[in-house]
Every structure is written in structure tokens, then in C-alpha cells.
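# Report on the structure
Next come the chains, spelled out residue by residue.
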Amino acid sequence: MAILHWTQPLHFPTAFTSPPLFFSSSISSRTVHCKSTKDNHNNTALVWFKHDLRIDDHPALITASNYRSILPLYIFDRRIVSRFSDETLEIALLALADLRKDLKNHGSNLMIKFGDAEEIIPELVTKVNAVDVFVEEEVEYNLRNMVHSVEQSLSNVSSGPPRIVLWRTPFYDVKSLKELPASYVDFEKLKLAPTSPLECPVLPCCDLDLDWDNVPTVGDLKRYMHENIWKLNQSWTSIKVISAESILRRDQLGRVNTQNHMTEVLEEPNMVEDTDQFNLLNKPTQMEEQEKSVFASRTGNVVGGGTSVVLNALAGYLRYLEDTSKDDWREVHEKLRNAESRTGASFRVLFGSALFLGIISRRRVYYEAIKYEKERNAGFLSPFGYSAETVAAAVDTVSSMEWYWVMALKSQIYNEGLYPIRIWRWNGYVVQYTVVGREGPAILLVHGFGAFLEHFRDNAKCIADAGNRVWAITLLGFGKSEKPNIIYTELIWAQLLRDFVVDVVGEPVHLVGNSIGAYFAAIVAGLWPALVRSVVLMNTAGSIVPSYSSVPLAEERQTSGVSWLGSRILSFYLKMSVGSIVKNCYPSNKGRADDWLINEMLRAASCTNVCCPDRCNQSTRISSLILESIFKFNLSIPLNYLLEPFEGKVLIIQGMKDPLSKSSFILSMFKRHCSGVETKELDAGHCPHDERPEEVNSFICEWVQTFERNLQQC
């Protein structure tokens, strides 16, 4: 059967135009213009909604409007909704109700189904004799697999398999995705122009005699989630509800190891993260009480509702500098102030869920922001920046999201790296990872500051070839993973690793980290030990604190003038000196600090978060965001505290020529204050895994093999 890509190109960033629609084949990677739709006047199309809960700026609906009839469909498939927080689920329900209303106003309807898409879609295709199934293209590995599985199930349709038509709504008129520059700085030089979002046309009269079902209530959805997800392995997935701050605050180290301890923790309401799915079973919904509000709850900062609600909230957000008598806009202004942890950060906080669910498109946000900016400036756009910080925040956020989405899509279609890249979304952010090996113990590799998963270029495959399954991740803010405008902390990165183990790996892992990545690994092991089989720390950050009496918990982090200035000075210094700095970290094998590694680090520093308020050079804005975190890091949680539950399960690999630390002293402290720690010394610097990969691979493989053998004998 055929599977097609269909895109409506969007340029960036000066004059708005309306380019033609076109298809591109995902199999042959060739592009052809959209054929005349007259042949479809007697046909039926099925439009499968997932993360596109709108009729505004929806290219698939525009093309489907030329068919005789349309079957719009939303499926509560566990692989989709299990990724949503309870608040996001509630917002999705409101959006679906609004989507059905809008579709009816345009002559159509929305079918609601529960179950697996592979079973539901073929059945409906057969009933209505659909010839095309429109599906928005995804970048997440699991969702792409799900669409592929649906494609395979449709090949068995007796009346003939329909086409799967993949569509997207990009900002950029990229003629060749393969030729897209890997650096945002180079991409900016293309100076592409934007096109306008699309209005929904009148849709064909809905004359299909089907059971459309009702939009479920929150209670219905809770019961469905409980029956189909939570009872599978509640104790494992529930680990995610325990925040790092709560464990440190209550000194609950190790309490999540067993079901009894998990139950004990969950009985403490302050121990549970408000954003986690476990609350879906316990927290009553507040959405029904928010009839006059554009927010999901009175205490939260997340805009929730249908497209009209989100557009109204966006209008209020953009007009923050203006006085208003509208109560809902005043509420938006109040929430904006509460969410502004750093300049411009409030937009993603308020509108992140709406963008993730596709209640509003990224380019609609861009269009509305630019339109308002022109209204403020007599129809002109200043080359020196935007006149309102809210306009800058909106434009920069959606531009950044679009850039990382396009780069993620490119990585899924073209395998150009050392390892095949997969995409995982964490809290809506795009995160890259890879996995090598088909059987054996699970090992997760965590890179250090300024690095990325490719820093394990000569480790992942070799370790996998020894009979292991190896995952390597590029942490949020680094490499080609997204760099959102947030305050980065060691606990945020640790919680990302926690969720990765639960959501992606799905079983306890041997955690292997280098530098600050080793410290993150130690935090995961110490706070959520049920996720970790053993720990391997290579030239780790952090310290040993003999006879610690308490564990310090950092106060809420905020940006400051000192960290802002310091990050920019440090960014400039690093860019000028990155070659010599990296080579100094490879004292015994400087050849490993090669041009590829240095250029990748420079590229990663220039492919950034465009989400910064100052309109300076992108390469400066990007790395500065991450570098600010250096001035806010709290490395005071003692390593001996974190590793206490892991006696006999910790391997320390130390490059003895590390220019960043006193290796002999560190090893002596580990031996004196961490029981059962095994150590390995290497003639290497700060990155022994890359400087001496053969030796480090041997250490890790031997360690894991011995650990697993001893475990089986117990």
C-alpha cells in the first residue's frame, strides 16, 4: 500500500504568502505536486486526529473537504493518552468537545473511539470505504511505529488498502529536508519568508450512518486509564510521581524500592508531583469549575480549552503591556507574571499544552504575534527586535519548537549519524536517544556537560556487541535535543533520566555516567534505587561529605544579573578556547580530541534555543541559556549519601590525569566513605570512555557480566 507525505510549506520570517500544497513520498523521497482533487469527489477520506485538535490551520481538512464525505476520528489509544499528564488529559477533553462543535458548525462531526488504532481504523475504513487516511506526521519513535503498524493493518482491508497520507504544517519552505543545514546559524542565513495559516473551509455534509459516540467525561477516562494502563505495572510507573525535591525534603531515600514503600509514599500528598499521571486516579477534576477561565485550574498556569479559548488567551498574553477591563485577560497577565522564571519563559508554561495537543498551530501563534507587532508599529517590523517582550517570547518559542521538530524529523528519515537516532518527548520537549543491541542486560550511558550521545561513539556498539542492550541519551539542553527556555538544574536532569528509564527502557538499568552526567546518574540511583541495578561513575562531579548530618535542599532557582553576565562571558571564552580546553581533557591521547568532536561541540552550541529575549547572535543566545545553569548548580548532595543503598554495586572509573579534579584524593575519599566501591584507574583525563574506549568498554562489560552472574547465583 502507498504511504505518502503531504506538506503545506511555510516560509520564514518576513512577508506572508500562500504557497501550493504538495505531496512527497516517504518511500522514494521524491516530491510531486498535489494532483487535482476532482477524482475524489465520489470518495471518502478518514482524518485521524492525534496532536492536531483543531480545524484552524489544518491542511488535511482543507484537502479532505474536496472528498464526497469525511470521517473525522479521535482514538483514545493508550499509547497516546498514557503520555499525557492528568492536566493535559483534562485539557484534551475540553479541546475535543470544542473540536466536535467546530466540525459540526462546518458541516461535519467527530467520532470518538477507545482502543487500539490498528483495530479501529481498518474497521471504519471498511465501513465507509475510505480511500485515504490522513495522519499528521510524528517525530516520536513510538508514535511513528504506531502509524506504521496501522499501515500494516490496513493492508488486509478486503476492499483494497487505502493510502496513508502523512501531512504536516511547517514554518519553513524547505525544498529538501536532507539538505537542511544542521546549524541554526546557517539556517538563518537562508532568510526564508513565512506564509499565512489556513482557514477551514465548509466541509462535506456528514451523511455517514455511524455511531459517533460521546466525548467522555474525566471519570470515564480515569476508569479507562486505570483498566488499560495502571493495573499493568502500577508500582513501576508510579515511581515517576515521587519528585526529587520531595524525597530530599522528607529524607525518603530508598522508599520506592517495593510496593509497600510505594504505597506509603503515595499516601503522603506532598510527595506526589502535581503533573504526573498518577494524579489522574486520585485528584478530582477542576475543569468543570473553570467555565469563565482560560486556565486548567485556578492555581495552575496552563491555558486549557478549545482553539477559540487559546486564541483569546494568546491575544491577552500579547497585550500584557496594555490596560484591560477583561477579567480573563487580567488573569492571563497575572499567570504570566507567576510563570516568568526567566525572561520569555512564561509563554511555554502557559501555552505548552495547547501547542503539544495541536489546539493551536505553531505558525498561527507566529502569525498572530507578528500581526500584533505590526499593529503596534504602523505596519512595520523593526530590524532591532520586537517592541513587546511577550511578542518576542511567543515568536521565539514557536520558532524554536519548529526548528527542533524539523531537525528531529530529518533524523528519523535520514540516518546520517554514528547511531540510528530515536526521538522521545519529555514534558513536551524533543529529546534524542539511541539504542544498540537486542538482548542482554540494559545499560544507559549519560554524557557530561557540553557533550551528547555521540560522545560514546566508540562505546555503545562495542558494549552491545558483548551481549548487552545499550541506550545513550542526549540530555535536554545539549547536542540536538531541544533547548527550551527554562532554568536547568541537576534535579530536572535527574528526573528526565528517571522518566526515560520508566518510559523508554522499561526495566532497571546499569547507569553509566561521565562528569556531571555521572552525578545525575548518582542522583537517580540514590533517590529512585528501584530503577537502577548498578552504577558506573567516570570522573564524576560532586563530592564526598564525611559524616554528613543532613542533606541540603536548594531553594527555588531564579536567574540573576550575575548569572546572565557570567554565562555570556563564559560562552565567549569557551567559543574562543574550545579546542584547547577539549584537548586538555585528553592528556594521554590528544588525537581523540579531533576536529569532529570539537566541531560537533561548536555546532551544538550554535544550534540553539531561539527562545531568548535579547535579539543578539543565535550562537550567543543558545549556549548562554545552558551556561547560566552552571551558576545555579547545587552539587552539595553528597555522593556517599546517594550511593549508600548501593553497597557493592558501584564502580568508579577514574582518569588519573583529569585537569578538572584531584583524582587521587577523590578515589581515596570513595574508598574511605563508600562501602563496597570498586575502583579502576586509567592513564587518561576527564573523559576516559572516549580517550581510552577499549579499556573502559572492557571494564564496563566485565562489571556488568560479573554483577549479573552473581545476581543469578543469589
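Throughout, a residue's number is its position along its own chain's written sequence, starting from 1. Only residues with pLDDT of at least 70 get local features here, since the model is predicted, and only at 80 or more are side-chain atom pairs given and counted; chain-wide, interface and lining totals rely on the full set of residues. The side-chain values count all of the structure's non-hydrogen atoms but skip hydrogen atoms and water molecules.

The name an unreviewed UniProt entry assigns to the protein chain is Photolyase/cryptochrome alpha/beta domain-containing protein, from the organism Papaver somniferum.

### Details of the overall build of the protein chain
We count a stretch as a helix when DSSP gives it H or I for four or more residues in a row; a strand needs E for two or more, and each element gets its number in order from the N terminus. Helix and strand content of the protein chain: 25 helices and 16 strands. Only protein chains enter the accessibility calculation, which uses a 1.4 Å probe; a residue whose area is less than 20% of its type maximum is buried, one above 50% is exposed, and one in between is partly exposed. The 714 residues of the protein chain split such that 61% are buried. Contact between two residues is taken to exist if any of their heavy atoms lie within 4.5 Å; hydrogens are not considered. If you take every contact in the protein chain between residues at least 6 apart in sequence, the share linking residues at least 24 apart comes to 78%. Only carbon and sulfur atoms are counted for the fraction: they give 49% of the accessible area of the protein chain, which is about 28400 Å². The method behind every accessible area is Shrake-Rupley, applied with a 1.4 Å probe, and residues are considered shielded solely by the protein chains displayed.

### Overview of the packing of helix α11 (residues 307–318) against helix α14 (residues 362–376)
To obtain an axis, a line is fitted to C-alpha atoms, over the contacting stretch when the element is a helix, and the angle between two such axes runs from 0 to 180 degrees between their N-to-C directions. At a minimum axis distance of 11 Å, the contact between α11 and α14 shows a crossing angle of 40°. With respect to their mutual orientation, α11 and α14 come out oblique. For α11 against α14, the interelement crossing comes out right-handed. In this structure, α11 uses L311, L314 and L318 to contact α14, whose residues at the interface are R364, V365, E368, A369 and Y372. Roughly parallel means an angle under 35 degrees; roughly antiparallel, over 145; roughly perpendicular, 65 to 115; everything else is oblique. Crossing handedness is defined as follows: a turn of the near helix away from the far one that is anticlockwise and smaller than a right angle gives a left-handed crossing, while the clockwise case is right-handed.

### Here we look at the pattern of salt bridges
Salt bridge criterion: a side-chain nitrogen from Lys or Arg within 4 Å of a carboxyl oxygen from Asp or Glu. What the rule picks out here adds up to 33 salt bridges. Between K371 and E368 there is a salt bridge, and its shortest N-O distance comes to 3.3 Å. Taken together, the residues span about one helical turn, with K371 and E368 both in helix α14 at a distance of 3 residues. E368 sits in the buried class, given a relative accessible area of 17%. Between R592 and D690 there is a salt bridge, with its nearest N and O atoms 2.8 Å apart. Of the two residues, R592 is situated in the loop between α19 (561–584) and α20 (595–606) and D690 in helix α24 (residues 688–691); the sequence distance between them amounts to 98 residues.

### Concerning the sheet that holds strand β11 (residues 442–446)
Pairs of strands are assigned from DSSP output, requiring at least two bridges between the strands. Taken together, 8 strands build an open sheet; the order of strands is β9-β10-β12-β11-β13-β14-β15-β16 and the sheet is mixed. Unpaired on one side and paired on the other, β9 (422–426) and β16 (677–682) mark the two borders of the sheet. Across this sheet, the average inter-strand angle for adjacent strands is 25°, counted without regard to direction. Relative to strand β13 (residues 509–514), β11 runs parallel, the two being bridged by 4 bridges. Its bridge partner being in β13, L444 is matched across the sheet by L511. Sheet strands in contact with helix α15 (residues 389–413) are β9 and β10 (429–436), and its direction is about 145° off that of β9. Together, β11, β13 and β14 (532–538) form the strand contacts of helix α18 (residues 516–527), whose direction differs from that of β13 by roughly 150°.

### Here we look at the packing of α11 against helix α12 (residues 327–339)
α12 packs onto α11 with a crossing angle of 65° between their chain directions and a minimal axis gap of 9 Å. Handedness of the crossing formed by α11 with α12: right-handed. The segment α11 lies against α12, with N312, A313, A315, G316 and Y317 engaging D328, W329, V332, H333 and L336. Its residues placed into classes, the contact of α11 with α12 shows 6 nonpolar, 3 polar and 1 charged. Think of it as three bins: nonpolar holds Ala, Val, Leu, Ile, Met, Phe, Trp, Tyr, Cys and Pro, charged holds Asp, Glu, Lys and Arg, and polar takes everything else, Gly as well.

### Focus on the nonpolar core
Core analysis: the biggest nonpolar cluster contains 137 residues, and W48, L53, Y74, F347 and F351 have the highest contact counts within it. No other element matches the 13 residues that α15 contributes to this core. Not counting chain neighbours up to four residues away, the residues in contact with L53 comprise Y74, A92, A95, L96, L99, T307, L357, G358 and I359. Throughout this description, the term nonpolar core refers to a set of buried Ala, Val, Leu, Ile, Met, Phe, Trp, Tyr and Cys residues connected via side-chain atoms within 4.5 Å. By size, the runner-up hydrophobic cluster in this structure holds 68 residues, among which are W493, I523, I544 and V551.

### What about the side chain of E140?
Topologically, E140 is positioned in the loop between β7 (130–136) and α5 (141–154). Given a relative accessible area of 6%, E140 falls into the buried group.

### Examining α15
For an α-helix, the turn length of 3.6 residues means that residues three or four places apart are oriented alike. With 25 residues, α15 extends 36 Å from end C-alpha to end C-alpha; this agrees with the ideal 36 Å at 1.5 Å per step. Where burial is concerned, most of α15 is hidden: 23 out of the 25 residues are buried. Here a helix's expected span is defined as the number of its residues, less one, multiplied by 1.5 Å.

### Some points on the pairing of β14
Within β14, 6 of the 7 residues are buried, leaving the element largely enclosed by the surrounding structure. Two elements, β13 and β14, share 6 bridges in a ladder whose sense is parallel. Opposite H510, over in β14, you have S534 as the bridge partner. Note that the unit made of β13, α18 and β14 has a crossover that is right-handed. Looking down the strands as they point away from the viewer, one classifies a crossover as right-handed if the path from the first strand across the helix to the second runs clockwise.

### Thoughts on the packing of aromatic side chains
Working definition: a ring pair exists when centres of Phe, Tyr or Trp rings (six-membered ring for Trp) sit within 6.5 Å. Plane angles under 30 degrees give stacked, over 60 give edge-to-face, the rest tilted. A full pass over the atoms with the stated rule returns 19 aromatic pairs. For the ring pair F187 and W403, a centre distance of 5.2 Å and an interplane angle of 45° mean the geometry is tilted. On the criterion of sequence distance, the pair formed by F187 in helix α6 (residues 184–188) and W403 in helix α15 is long-range, its members being 216 residues apart. Residue class for F187 comes out buried when judged on its relative accessible area of 2%. A residue is classified by how much of its surface remains accessible, and W403, at 1% relative accessible area, is buried. These aromatic residues form a ring-pair network of at least three members: F449, F478, Y488, W493 and F520.

### Re helix α17 (residues 490–505)
In a regular helix each residue adds 1.5 Å, so 16 residues correspond to 22 Å; α17 covers 21 Å between its end C-alpha atoms and thus fits that length. G506 lies just past α17 and shows a positive phi near 80°.

### Describing unusual backbone geometry
For S515, which is not glycine, the phi torsion reads 60° and is therefore positive. Following the sequence through the fold, S515 ends up in the loop between β13 and α18. According to the relative accessible area criterion, S515 is buried, its value standing at 12%.

### Overview of the environment of W405
Note on placement: W405 falls in helix α15. A relative accessible area of 8% means that W405 is categorised as buried. Separated by 265 residues in sequence, W405 and E140 place their C-alpha atoms 9.8 Å apart.

### A look at the environment of P194
In this structure, P194 sits in the loop between α6 and α7 (218–228). Residue classification places P194 among the buried residues on the basis of a relative accessible area of 1%. Separated by 23 residues in the primary sequence, P194 and F171 have C-alpha atoms spaced 6.5 Å apart.

### Here's the deal with the pairing of β16
Each regular strand displays side chains that alternate between the two surfaces of the sheet. Two strands pair when backbone bridges link them, and strand β15 (residues 650–655) and β16 are joined in this way by 6 bridges, in the parallel orientation. For L651, the partnering residue across the bridge sits in β16 and is E678.

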